[in-house]
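Examining the three-dimensional arrangement
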Amino acid sequence: MLSQKSMDIVKSTAPVLEVHGVAITTAFYKNLFVAHPELLNIFNHANQAKGRQQTALANAVYAAAVHIDNLAAIIPAVKQIGQKHVSLGIKPEHYPIVGEHLLGAIKEVLGDAATDDIINAWAEAYGVIADAFIGIEEEMYVAAESKEGGWRFFKDFVIADKVKESDNITSFYLKPADGSAVPTFEPGQFITIRVSIPGEKYLMNRQYSLSKAADTESFRISVKKEDENDPEGKVSVHLHNNVNVGDIVELTAPAGEFILDPEKTTPVTFLSGGVGITPMMSMLETVAKQQPNRPVSFIYSARNESLHPFDHDIRSLMETMEDAKYVTLYSDSGDGFISKDVIKEHSRNDGDVYVCGPVGFMEAMINHLLDLGYANEQIHYEFFGPALQLELVQV
Ligand code: HEM
């Protein structure tokens, strides 16, 4: 438990630190990677280059500090971040390293203004926040490990098949290399894939949604080929160009909270754009298998037909369902984007909606849904990449 004195100091200085948040976390990352270059095997270098992770960590630490006297209020946010952490194999022993360098960066940026009292209070607070993360992440690791075929951290998988789904999306079917069982997962969850890319000094991790329903055969991810010059695209380009059937990659166990609630029987709408279709495939297939009577609308937006994956699979699934609608809009051919009217016409607003796609797409869809009278609890979404302000909103 944090002492009252430390709590008061943390709450009163959180706004000051927040003002310097980006400077502090920028200094933090710089010093962290000089002292612990091995952590570059975990962090996403592209996020670092764009400064995105800096913002995410700063937001989370200050938001947590503001709620330091009632950490229960931020448990949902801790869980969401925890899902990301466990899917990257973050361990308890990483927390003191991050704490030391975060406090060091606070001292570096604030200079004399960072008195011993302030530093000690933040050290205490960081310890409390870190313990909350470590506890929740341990529960998640135990849950993943206790499934049949489950594991913690990374495990070798072999590429069992590689299938082109559209001009820019290719699926990879993955089986445990040791022949163990493929664990179940929730529709909508993702895995982290870790690869060693020739010419890159450090291992690289990327998260991909599982793109089919859980089965005993394999996992499937479906990867969009990114621009060869985009640092964010290195893993994608490597998978497309160099990773083939029989090759080994490392995976973490499925994680994530953007999941379909299989208990519900109310109508469900899947709204996706581009490669955002991947978690929807896992959800749609699960509904088709387990609740073929559940009313479903599948609304998808692609640039054109050649960039439209899974069309045949979706149509086949639709045929097995009683009340399913499927609409695709091609923006290049004048269909435009998914408008409020399209959503209104093809979905029912007494159910849940799952949204996934590029950030601009998500923002537009969420605004349409709110305008159409959907309540926040009905709208579920997942941004690819660090959740930026979302943590703050949720906290
Ligand atoms: C991601 C907060 C400790 C490694 C994140 C995100 C937040 C966050 C908000 C973004 C989540 C998202 O993308 O949805 C925190 C807080 C910590 C903490 C508040 C301490 C209390 C750690 C530790 C490590 C770590 C100890 C390991 C050394 C990462 C990595 C990512 C991440 C690798 C993914 C983003 C990237 O690769 O750039 N963390 N974190 N974090 N965190 Fe933490």
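The name an unreviewed UniProt entry gives the protein is Flavohemoprotein, with Psychrobacillus mangrovi as the organism. In its Function (unreviewed entry) section, UniProt records this for the protein: "Is involved in NO detoxification in an aerobic process, termed nitric oxide dioxygenase (NOD) reaction that utilizes O(2) and NAD(P)H to convert NO to nitrate, which protects the bacterium from various noxious nitrogen compounds. Therefore, plays a central role in the inducible response to nitrosative stress."

As a further point, take the coordination of the iron atom of the ligand. Among all protein atoms, only His85 (NE2) binds the iron atom of the ligand, sitting 2.1 Å from it. With respect to the helices and strands, the residue His85 is situated in helix H5 (residues 75–87).

So, on to the confidence of the model for the protein. Summary statistics for the protein give a mean pLDDT of 90 and a share of 94% for residues scoring 70 or more. pLDDT under 50 marks residues 385–395. Its contacts with residues more than four places away, or in other chains, come to 23 contacts. Across the predicted assembly, pTM comes out at 0.92 and ipTM at 0.98.

Turning to the UniProt feature "binding site: FAD" (unreviewed entry) in the protein, a few remarks are in order. Under the feature "binding site: FAD" (unreviewed entry), the UniProt entry names Arg206, Gln207, Tyr208, Ser209, Phe383, Phe384, Gly385 and Pro386. Structurally, Gln207 can be placed in strand S4 (residues 204–209). You can call Gln207 partly exposed: its relative accessible area is 26%. In this structure the side chain of Gln207 is engaged in a polar contact, spanning 2.7 Å, whose partner is the side chain of Ser87.

Along its sequence, the protein is organised into domain 1 (4–146), domain 2 (155–251) and domain 3 (268–382). Between the C-alpha centres of domain 1 and domain 3 the distance comes to 36 Å.

One non-glycine residue with positive phi stands out, namely Phe153, at about 65°. Take Phe153: it is sitting in the loop between helix H7 (116–145) and strand S1 (155–164). With a phi angle near 65°, Phe310 is a residue other than glycine that sits in the positive phi range. Within the fold, Phe310 resides in the loop between strand S8 (296–302) and helix H10 (311–319). Taking relative accessible area as the criterion, Phe310 reaches 3% and is therefore assigned buried.

If a probe as big as a water molecule is rolled over the atoms, it shows which places are left empty. Under the defined criterion, the tally for this structure stands at two cavities of 30 Å³ or more. Roughly 50 Å³ of volume is contained in the largest cavity. Lining the largest cavity are Val61, Leu102, Leu103, Ile106, Trp122, Tyr126 and Ile129. When contributions to the lining of the largest cavity are tallied by element, the ones reaching two or more residues are helix H6 (94–110) and H7. Within the lining of the largest cavity, the residues separate by chemical class into seven nonpolar, no polar and no charged. Of the voids in this model, the second largest cavity is the one considered here, and its volume is about 40 Å³. In terms of lining residues, the second largest cavity is bounded by Ile90, Lys91, Pro92, Tyr95, Ile134, Glu137, Glu138 and Tyr141. Here the element with the most residues in the lining of the second largest cavity is H7; it accounts for four residues. A per-class count over the lining of the second largest cavity returns five nonpolar, no polar and three charged.

This paragraph deals with the sheet that holds strand S10 (residues 352–356). One open sheet holds the five strands; their spatial order is S9-S8-S7-S10-S11, and the pairing between them is parallel. Here the strands that pair on one side only, and so sit at the sheet edges, are strand S9 (324–330) and strand S11 (379–382). Averaged over all pairs of adjacent strands, the angle between strand axes in this sheet comes to 10°, irrespective of strand direction. Bridge count between S10 and S11: four bridges; the pairing is parallel. Residue Tyr354 lies in a different strand from S11, and its bridge partner there is His380. Here helix H12 (residues 359–371) sits on the sheet and contacts strand S7 (268–273), S8, S10 and S11; the angle it forms with S10, its principal contact strand, is near 160°.

Take the environment of Glu165 next. Tracing the chain through its elements places Glu165 in the loop between S1 and strand S2 (169–176). For Glu165, a relative accessible area of 17% gives the class buried.

This part covers the environment of Phe270. Positionally, Phe270 belongs in strand S7. C-alpha separation for the pair Phe270 and Lys11, spaced 259 residues apart in sequence, amounts to 41 Å. With near-sequence residues (within four places) excluded, Phe270 lies in contact with Leu260, Met280, Met283, Leu284, Val287, Val296, Ser297, Phe298, Ile299 and Tyr354.

Conventions used here
Residues numbered from 1 in each chain as written. Predicted model: local features only at pLDDT ≥ 70, side-chain atom pairs only at ≥ 80, totals over all residues. Heavy atoms only, no water. UniProt positions renumbered as here; feature names shortened; annotations may be inferred. Donors = N, O, S within 2.8 Å, 3.2 Å for Na, K, Ca; no water. Helix = DSSP H or I, 4+ residues; strand = E, 2+ residues; numbered from the N terminus. pLDDT = per-residue confidence, 0-100. Contact = heavy atoms within 4.5 Å. Buried < 20%, exposed > 50% of the residue type's maximum accessible area, 1.4 Å probe, protein only. Polar contact = N/O pair within 3.5 Å; in protein donor to acceptor, adjacent residues only side chain to side chain. Domains from an automatic or database assignment. 1 Å grid on protein atoms, 1.4 Å probe; cavity = no way out; pocket = protein on both sides within 12 Å on 5 of 7 lines; lining within 4 Å. Points joined across faces, edges and corners; volume = space filled by probe spheres on them. Nonpolar A, V, L, I, M, F, W, Y, C, P; charged D, E, K, R; others polar. Pairing = 2+ DSSP bridges. Axes fitted to C-alpha atoms, helices over the stretch in contact; angles between N-to-C directions.

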